[in-house]
Amino acid sequence: MMNHHYRSLWQACAAVCIAGAFGVSHAQENAIESISANQQGANVIVKIAMKNPVQKPPIGFSITSPARIALDFAGTSSSLNTPVQEVGIGDVRSVNIVQAGERSRLVFNLNRPLNYATAVDGNTVIVTIDGTGGVPRAVNAAGVPVAQAAQSTQAAPAGAPAGKPAIRDIDFRRGTAGEGRVVIDLPGNQVGVDVRQQGQNIVVDFAKTALPEMLRRRLDVGDFGTPVRTITATSQGENVRMVIEPKGLWEHSAYQSDSQLVVEVRPLKEEPNKLSQGTQGYRGEKLSLNFQNVEVRAVLQVIADFTGLNIITSDTVAGNLTLRLKDVPWDQALDIVMQAKGLDMRKNGNVLWIAPKDELLTKEKLELEQRSQIAELEPLRTETFQLNYQKAESFKTLLDNAGGNGRSILSKRGSAVIDPRTNQLFVTDITSKVEEIRKLVQKTDIASRQVLIEARIVEANDTFSRDLGAKLGFGIQNNHIVAGGQQGIPGTGPTPVGGNSVNLPTSTSSGLSPGSVALTLFNTAATRFISLELQALESDGKGKILSSPRVITADQLKATIEQGTELPYQTATSSGATALSFRKANLKLEVIPQITPDGNVILDVDVNKDSVGQNTASGLAIDTKHVKTQVLIENGGTVVIGGIYIQEDRDTINKVPVLGDIPVMGNLFKSTSRRNNKTELLIFLTPKVLSDKLAVR
């Protein structure tokens, strides 16, 4: 895939990159007359003979896959007879000559990626390609390094600083994602830089550069929370070497913008299931670029040809850029270029519009103002919406207070009127707002799903729940429902037991063992078994089903089931008279179902069991037992709420009339029996989600 992009890049550059992307046209003042190559040690020296003297070195860049170096000559034609010059020396295979308009490009085809340097000597351009993979030194026509030749033939110009250019500053910064950034201020944009990984360290070499004494130090940046631990800069002969020592799992990238070089070290999370770790936030294919004082438009055109995107640049995009990128995603390279020049982009399909940030913001602001002006002048239209499943009053409230912030969906000129009798909504507004309201009606005016809740209120002896739990794989110990033989531990909050049962105990200050309320969940298969057990309960006389109410309610709407009596009592009025009032002693069940996306049901259950208590001077007391909880149940499953016990102590005397009342002797004519019954009130809840076409019989 990457080779295909690069082939497209070189084919398109002949017609587009040179003629269109490299700016203004120049008169063809020069011409390429010949190309020759020879080998000096591990280096390959390519000499390009020109018709006239050359004022400055050509603009060049390189890519890694396939390995190529490109040099662009402005205002230059080609006098060569063939477009391809075979070289076959070292790692240089051939040179392609492409002419488009008033510019010419030389493309060096290499066996592997190599660094290069260019120099100008009169009518000759010398390209030095380093076969060792290091930073090459440019030479003149005599094969002497350019710097040495300059020292031997001419004196330094007046006012020029003595010695080599020096690095101005070395800084370290921490990024927002925890990455470490080493920022180096170079003396210029023509400094040769080589960034490579050597073992577990990152080594950066600066060719023919001096290092001030104040920067010859070892920086310990381990406290910044990045992968970088130390940064060491030293002088090595005519060069400067910087060693960055990271720790842990990391990856790095380097890019240069004009005279500033940034080496970024990013942390990586170790994921055993992944074969490799990519650059965070960028997913484009990787490429390498090496531009020396090239126009920004040229860089954008190269990226456009590599990606196949259509890039449109504003007329205000201008300026030159020095950029070195090695194996970075193309979208990161584009981001770096835009950040360096204060640009921004807007994407529409496969078309990118690139312009300065201020220009884009101004353009968008004008567009918004124009839309606002059009909305104020656009004619209004009225449309009627028939609401089928929700009240028109509720929908109008939604229009007037969208999002709960008091803002209306309608425009300033819009209005909405409802007709409660026909449940219709009349909207008058501009066309775009009417369409928004239409979409809102389609999404919100839908039928709510319904839930059938079957409740069975059972009064059984205290051994029934134990027998039922044992048959379903559960046991009961000390009034606590447990699963898998594990007993719930009393506490102040809900305690999960075995994953299917939950105890809701209370604590007393006296230290006595309190009663506990327990919840047990059963799946759909167990629901059928529970129905059979309840039928057997009544047949054996161990209990009875007090009531079996069923109710249907909509999703997230409350359903109430209530059964009981009202007790009269007298109250005093403000005038001193007495009035008769009533208090409820009921068994009340309130349930709010919520259907989950996976088809299960969440039940908010509120159970209140009242019974008539002792007779006091103020009237009958009411004993209350209250349970409130929330459970997640499978569709068609059953939740059992237990732990509400009723204790009945009764003394029964059977005697012979008259004789049984004789003191002492009467005991011979009567018998006394004591009955102690303990029953438990169990509530079985089974929610079933109804389909749209299901009819409940």
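Every chain is numbered on its own, with residues counted from 1 as its sequence reads. Side-chain atom pairs in this predicted model are given and counted only at pLDDT of 80 or more, local residue features only at pLDDT of at least 70, and totals for whole chains, interfaces and linings cover all residues. Side-chain figures throughout are based on the complete set of non-hydrogen atoms in the structure, without hydrogens or water.

Rules: UniProt positions are given in the numbering used here, feature names are shortened, and annotations may be inferred rather than shown by experiment.
An unreviewed UniProt entry annotates the protein as Type IV pilus biogenesis and competence protein PilQ originating from Noviherbaspirillum suwonense. Turning to the protein, the UniProt record has this under Subcellular location (unreviewed entry): "Cell outer membrane".

Here we look at the overall build of the protein
Quick note on the threshold: Secondary structure elements are defined from DSSP: runs of H or I of at least 4 residues count as helices, runs of E of at least 2 residues count as strands, and each element is numbered from the N terminus. Summary of the burial criterion: residues with accessible area below 20% of their type's maximum are buried, those above 50% are exposed, and those between are partly exposed, where the area comes from a 1.4 Å probe applied to protein chains only. Between two residues, a contact is recorded if the distance between any of their heavy atoms is within 4.5 Å.
Along the backbone of the protein there are nine helices and 41 strands. Of all 697 residues assigned to the protein, the portion counted as buried reaches 40%. Taking the intrachain contacts of the protein between residues at least 6 apart in sequence as the baseline, contacts between residues at least 24 apart amount to 60%.

Comments concerning the side chain of Arg68
Counted only if it meets this: His is not counted, nor are the chain ends; Lys and Arg add positive charge and Asp and Glu add negative charge. Should a side-chain nitrogen of Lys or Arg be within 4 Å of a carboxyl oxygen of Asp or Glu, the pair is scored as a salt bridge.
Within the secondary structure, Arg68 sits in strand E4 (residues 68-74). Despite its burial, Arg68 pairs with no opposite charge; the closest candidate is Glu86, at 12 Å N-O.

Concerning the packing of aromatic side chains
Note the threshold: Each Phe, Tyr or Trp ring (for Trp, its six-membered ring) is paired with any other whose centre lies within 6.5 Å, and the angle between the two planes then decides the class: stacked below 30 degrees, edge-to-face above 60, tilted in between.
Taken as a whole and judged by the stated rule, the model has one aromatic pair. Taking the centre distance of 5.2 Å and the plane angle of 75 degrees together, the rings of Phe172 and Phe224 count as edge-to-face. Of this pair, Phe172 sits in strand E11 (residues 169-174) while Phe224 sits in the loop between strand E15 (218-220) and strand E16 (228-236), and the two are 52 residues apart along the sequence. Assessed through its relative accessible area of 42%, Phe224 is described here as partly exposed.

What about the pattern of salt bridges?
Counting across every chain of the model gives 25 salt bridges. When the shortest N-O distance is used, the salt bridge between Glu367 and Lys363 registers 2.7 Å. Taken as a pair, Glu367 and Lys363 lie in helix H5 (residues 357-377) at a separation of four residues, close to a single helical turn. Linked by salt bridges that have partners in common, Glu179, Arg181, Glu251, Glu264 and Arg266 make up one network.

With respect to helix H6 (residues 392-400)
Side chains of residues three or four places apart in an α-helix project in the same direction, reflecting 3.6 residues per turn. Quick note on the threshold: The arc in question is formed by the directions pointing from the helix axis toward the C-beta atoms.
Listed in full, the buried residues belonging to H6 are Ala392, Phe395 and Leu399. Projected down its long axis, H6 shows its buried positions confined to an angular sector of 65 degrees, all on one face. Residues of H6 that are buried make contact with strand E26 (415-419), strand E27 (424-429) and helix H7 (431-444).

Things to note about the packing of helix H3 (residues 296-307) against helix H4 (residues 330-341)
Counted only if it meets this: In this analysis, axes come from line fits to C-alpha atoms, helices being fitted only over the stretch in contact, and the angle between any two N-to-C directions falls in the range 0 to 180 degrees. An angle counts as roughly parallel when it lies under 35 degrees, as roughly antiparallel when it exceeds 145, as roughly perpendicular when it falls between 65 and 115, and as oblique in every other case. By definition, turning the near helix anticlockwise from the far helix through less than a right angle yields a left-handed crossing, and turning it clockwise yields a right-handed one. Think of it as three bins: nonpolar holds Ala, Val, Leu, Ile, Met, Phe, Trp, Tyr, Cys and Pro, charged holds Asp, Glu, Lys and Arg, and polar takes everything else, Gly as well.
Packing of H3 against H4 leaves a shortest axis separation of 11 Å and a crossing angle of 160 degrees. Viewed along their axes, H3 and H4 adopt a mutual orientation that is roughly antiparallel. The element H3 and its partner H4 pack so that their crossing is left-handed. Contacts between H3 and H4 pair Val296, Val299, Leu300, Ile303, Phe306 and Thr307 from the former with Trp330, Ala333, Leu334, Val337 and Lys341 from the latter. When grouped by side-chain class, the residues that make up the contact of H3 with H4 number nine nonpolar, one polar and one charged.

What about the environment of Leu399?
The topology assignment puts Leu399 in helix H6. Overall, the relative accessible area of 0% leaves Leu399 in the buried class. Along the chain, Leu399 and Leu440 lie 41 residues apart, while their C-alpha atoms are 9.5 Å from each other. In contact with Leu399, other than residues within four places in its own chain, are Arg407, Ser408, Ile409, Ala416, Leu425, Ile437 and Leu440.

Focus on unusual backbone geometry
Unlike most non-glycine residues, Lys208 shows phi in positive territory, near 50 degrees. A positive phi angle is found at Gln556, which is not glycine, with a value near 65 degrees. Secondary-structure assignment places Gln556 in the loop between strand E35 (550-554) and strand E36 (559-572).

Some words on the sheet that holds strand E9 (residues 116-121)
Which entries qualify depends on this criterion: Note on pairing: DSSP must find at least two bridges between two strands before they are called paired.
Pairing in this open sheet of five strands is mixed, and the strands run E5-E1-E2-E10-E9 from one edge to the other. Each end of this open sheet is capped by a strand with a single partner; those strands are strand E5 (76-78) and E9. Between one strand axis and the next, the sheet turns through 30 degrees on average, direction left out of account. Relative to strand E2 (residues 43-50), strand E1 (residues 30-40) runs antiparallel, the two sharing eight bridges. If you follow Gln40 over to E2, its bridge partner there is Asn43.

What to know about the pairing of strand E12 (residues 180-185)
The pairing of E11 with E12 spans six bridges and is antiparallel. From the neighbouring strand, Phe172 faces E12, where its bridge partner is Val182. Here E11 folds back onto E12, and the loop between the two strands holds five residues, one of which, Gly178, carries a positive phi near 85 degrees.

Quick look at the pairing of strand E19 (residues 260-267)
Extensive coverage of E19 is indicated by the burial of six of its eight residues. Bridge analysis of strand E18 (residues 250-257) against E19 gives eight bridges, and the strand direction is antiparallel. Within E19, the position partnered with Ser257 by the bridge is Gln260. Taken together, E18 and the strand that follows it, E19, pair antiparallel across an intervening segment of two residues, in which Asp258 is found at a positive phi of about 55 degrees.

Examining the nonpolar core
The test is simple: In these notes, a set of buried Ala, Val, Leu, Ile, Met, Phe, Trp, Tyr and Cys residues joined through side-chain atoms within 4.5 Å is what counts as a nonpolar core.
Ranked by size, the top nonpolar core spans 34 residues in total, and within it Phe291, Leu323, Leu325 and Leu334 carry the most contacts. If you list the elements that add at least two residues to this core, you get strand E3 (59-63), strand E20 (286-295), H3, strand E22 (320-329), H4 and strand E24 (351-356). With 27 residues, the next largest nonpolar core counts Ile167, Val182, Leu186 and Val195 among its residues.

Digging into the sheet that holds E24
Taken together, three strands build an open sheet; the order of strands is E21-E24-E23 and the sheet is mixed. Pairing within the sheet leaves two strands with one partner each, and these edge strands are strand E21 (310-313) and strand E23 (343-348). Within this sheet the neighbouring strands show an average axis-to-axis angle of 25 degrees, counted without direction. The sheet contact formed by E23 and E24 spans six bridges and is antiparallel. Along E24, the bridge assignment pairs Leu343 with Pro356. Seen against the sheet, H4 touches E23 and E24 and runs at an angle of roughly 135 degrees to E23. Along the sheet, H5 makes contact with E23 and E24, crossing E24 at roughly 110 degrees.

Regarding the environment of Gly642
Relative to the elements of secondary structure, Gly642 occurs in strand E40 (residues 638-655). Sequence separation of Gly642 and Glu680 is 38 residues, and the distance between their C-alpha atoms is 7.2 Å.

A word on a nonpolar patch on the surface
The cut-off we apply is this: Candidate patch residues must exceed 30% relative accessible area and have no salt bridge, after which like charges are joined if within 9 Å and Val, Leu, Ile, Met, Phe, Trp or Tyr side chains if within 5 Å. In short, Shrake-Rupley with a 1.4 Å probe defines the accessible areas, and a residue's cover is counted only from the protein chains shown.
On the surface, a cluster of nonpolar side chains totalling about 650 Å² of accessible area is made up of Val656, Leu659, Ile662, Val664, Met665, Leu668 and Phe669. Relative to the helices and strands, Ile662 is located in the loop between E40 and strand E41 (670-690).

Thoughts on the confidence of the model for the protein
This is how it is decided: Values of pLDDT, the confidence the predictor places in each residue, fall between 0 and 100.
Across the protein, the average pLDDT comes to 76, with 77% of residues at 70 or higher. In the predicted structure, residues 147-162 sits below a pLDDT of 50 and forms four contacts with residues beyond four places in sequence or in another chain. Note on residues 473-517: pLDDT is under 50 here. Beyond four places in sequence and across chains, it has 77 contacts.

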